[in-house]
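Coordinate analysis (summary)
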Amino acid sequence: MSQLRHPLVAVAVAALLTLPWVGTYLTGSAHSMSPLMTVAISGLAVLGASFMLAWGAETAEEDVPRAFALAVLAVLAVAPEYAVDALYAWTAGANAGTARGAEAANLAVANMTGANRILIGLGWSGIALFTVYRSRSDVDPAVEKASGFLKGKVKLDRDIATEIAFLLAATTYAFFVPLGDGIGVTDTLILVGLYVTYIAIIIRGEAGETEEHVGVPAYFQSWSRGPRVSVVLLLFVYSGAMIYTAVHPFAHGLETLGKAIGIPAFFMIQWIAPLASESPELIVVAYLVNKARSTAGFNALISSKLNQWTLLIGTLAVVYSIALGQVGTLPFDEKQAAEIWITAAQSFFAIAILTNFSISVREAVALLVLFVTQVGAEFVVIQTLAEPQAAELSLLILYAYTVVYMALALWLFVSRREELRNLLGRTVDTARDAIGGSASQPAD
């Protein structure tokens, strides 16, 4: 039994979960399987790869700043979402000026906004609720319990101020994106520039200041630097390859299963496909929370939202332009403009919640309920009404929820203006320290 508890046994089990998909992919037999079998085999591969990603990122904290390790983890975990969106953006560029190209461009935007709203509406809220629930049976220093209805909350690491501030900047800019002709080179330069600046700041942090690890990461961190770095790279490369190759069939299988039970194709592209591609991220964070590493889990979620809200939007125009053969602007219709606005408004509300470096059970429930009711209302509309009435009512729903998100966000920002000022101050001091300044962090 003691041998079965060895960390390498856990690594072997995770690797075994991916082997059926490796055989399927190498033999090219995925197309001959039923959708249900494809979902099962590719889903197991995503599960195994997600654990490898988490172990690699935790092990890497020994050699690089934790924020940077989590940023790398966030990029790799949402790489499938980049791949799905890039496919639609490429199709749009290759078929520019045609009905197929316009549809693909709208799908690229819909998939992107769906992924971002899922990350907050289900990811942030669900993980917060899971964290509080998990603390009932285990001690978690990040959970602050309180008497009363839904009054518990999860406390966040105040060092995450930089990520929150950059996310606020990207969200503010996102409100202006629908005012143009589409997503163009200016949007790419600004949004990608924000992310590059963020990385340049956090990479200059101190390495080696890590939380105490157990299990697989602790075992690998006991190795000497050379083998340790090698195993981190191996875990990242292998799990990244598994996720990249398995998530497309996984998402497509879910789409096929959804269509079989009457779910519209466009709805599937916006919600079911992103849900599949976001699954590695949520599995990784749930794993961290289950190890009472809630702080690291939320840091990864916030970092993922930041890179999706900057790099993902910014790269759409790049892929579109490459397929087009010249610098171009990815177009979208009025419906997708409204989708961008509600996504930005949801992000604005979520950031307002985090200004005091915590998320309460009530706030998590609010995020979850707003997300589920909006998606549910749109689904009922498109299932029960005919065009163009369905499209008109769908737009009204989007605008209505955008107003609700913005009203709640503005109320929170006003009531927490001092916390917002402190958050921005911490970010400025962190940036100054990164470029050689000597400013000190504000008091907590």
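The structure reproduced in this document is the subject of the present report. The structure displayed is predicted, hence computed values, not measured ones. (Residues numbered from 1 in each chain as written. Predicted model: local features only at pLDDT ≥ 70, side-chain atom pairs only at ≥ 80, totals over all residues. Heavy atoms only, no water.)

1. So, the overall build of the protein chain
Counting secondary structure elements, the protein chain contains 15 helices and 3 strands. Scored against the burial criterion, the 444 residues of the protein chain give a buried share of 54%. Considering only intrachain contacts with a sequence separation of at least 6, the fraction spanning at least 24 residues in the protein chain is 81%. (Helix = DSSP H or I, 4+ residues; strand = E, 2+ residues; numbered from the N terminus. Buried < 20%, exposed > 50% of the residue type's maximum accessible area, 1.4 Å probe, protein only. Contact = heavy atoms within 4.5 Å.)

2. Digging into the packing of helix H12 (residues 334-354) against helix H14 (residues 389-415)
The contact between H12 and H14 brings their axes to 8 Å, and the two run at 25 degrees. Of the possible angle classes, the one that applies to H12 and H14 is roughly parallel. Here H12 runs over H14; the crossing is left-handed. Of the residues belonging to the contact of H12 with H14, the class tally is 20 nonpolar, 3 polar and 3 charged. (Axes fitted to C-alpha atoms, helices over the stretch in contact; angles between N-to-C directions. Parallel < 35°, antiparallel > 145°, perpendicular 65-115°, else oblique. Left-handed = near helix turned anticlockwise from the far one by under 90°. Nonpolar A, V, L, I, M, F, W, Y, C, P; charged D, E, K, R; others polar.)

3. A few points about the sheet that holds strand E1 (residues 143-144)
Across the sheet, which stays open at both edges, the 3 strands sit in the order E1-E2-E3 with antiparallel pairing between neighbours. Because the sheet does not close on itself, it has two edges, and the strands there are E1 and strand E3 (358-360). In the packing of helix H5 (residues 99-134) onto the sheet, contacts are made with E1, strand E2 (153-155) and E3, and the angle to E2 comes to roughly 100 degrees. (Pairing = 2+ DSSP bridges.)

4. Remarks on the side chain of Ser394
Here Ser394 lies in helix H14. Given a relative accessible area of 2%, Ser394 falls into the buried group.

5. Focus: H5
Taking 1.5 Å of rise per residue, the 36 residues of H5 would be expected to cover 52 Å, and the 49 Å separating its terminal C-alpha atoms lies within 8% of that figure. Helix geometry: H5 is bent most strongly at Leu119, by close to 25 degrees. By the criterion of burial, H5 is predominantly enclosed, with 27 of the 36 residues buried. (Expected span 1.5 Å × (residues − 1). Bend = angle between axes of the 7 residues up to and from the residue.)

6. Some details on the side chain of Ser125
Along the polypeptide, Ser125 turns up in helix H5. When residues no more than four places from it in sequence are discounted, the contact partners of Ser125 are Ile120, Ala364, Leu367 and Leu368.

7. Comments concerning the layout of surface pockets
Considered as a void within the structure, the second largest pocket measures approximately 310 Å³ in volume. Taken together, 13 residues make up the lining of the second largest pocket; nearest its centre are Phe266, Lys335, Ile382, Glu387 and Ser394. Elements supplying a minimum of two residues to the lining of the second largest pocket: helix H10 (265-290), helix H13 (361-384) and H14. (1 Å grid on protein atoms, 1.4 Å probe; cavity = no way out; pocket = protein on both sides within 12 Å on 5 of 7 lines; lining within 4 Å. Points joined across faces, edges and corners; volume = space filled by probe spheres on them.)

8. Details of the packing of aromatic side chains
All told, the structure shown has 12 aromatic pairs when counted by the stated rule. Ring plane angle 50 degrees and centroid distance 5.6 Å describe the contact between Tyr219 and Phe220, whose orientation is recorded as tilted. The partly exposed category is assigned to Tyr219, whose relative accessible area is 24%. Taking the relative accessible area as the measure of exposure, Phe220 reaches 3% and is therefore buried. Here the aromatic rings of Phe349 and Tyr405 are separated by 6.2 Å at their centres, their planes lie at 45 degrees, and the arrangement is tilted. Taken together, the positions of Phe349 in helix H12 and Tyr405 in helix H14 put the pair 56 residues apart, joining distant regions of the chain. Just as Phe349 is buried, Tyr405 falls in that class too. An aromatic cluster is present here, built from Phe166, Tyr195 and Tyr198 joined pairwise through their rings. (Phe/Tyr/Trp six-rings, centres within 6.5 Å; stacked < 30°, edge-to-face > 60°.)

9. A word on the pattern of salt bridges
In this structure the tally under the stated criterion is 7 salt bridges. The shortest N-O distance in the salt bridge between Arg117 and Glu339 comes to 3.0 Å. With Arg117 in helix H5 and Glu339 in helix H12, this residue pair connects regions lying 222 residues apart in the sequence. For the pair Arg117 and Glu339, a shared accessibility class is recorded, and that class is buried. Sharing partners across several salt bridges, the network here consists of Arg117, Lys335, Glu339 and Glu378. (Salt bridge = Lys/Arg side-chain N within 4 Å of Asp/Glu carboxyl O.)

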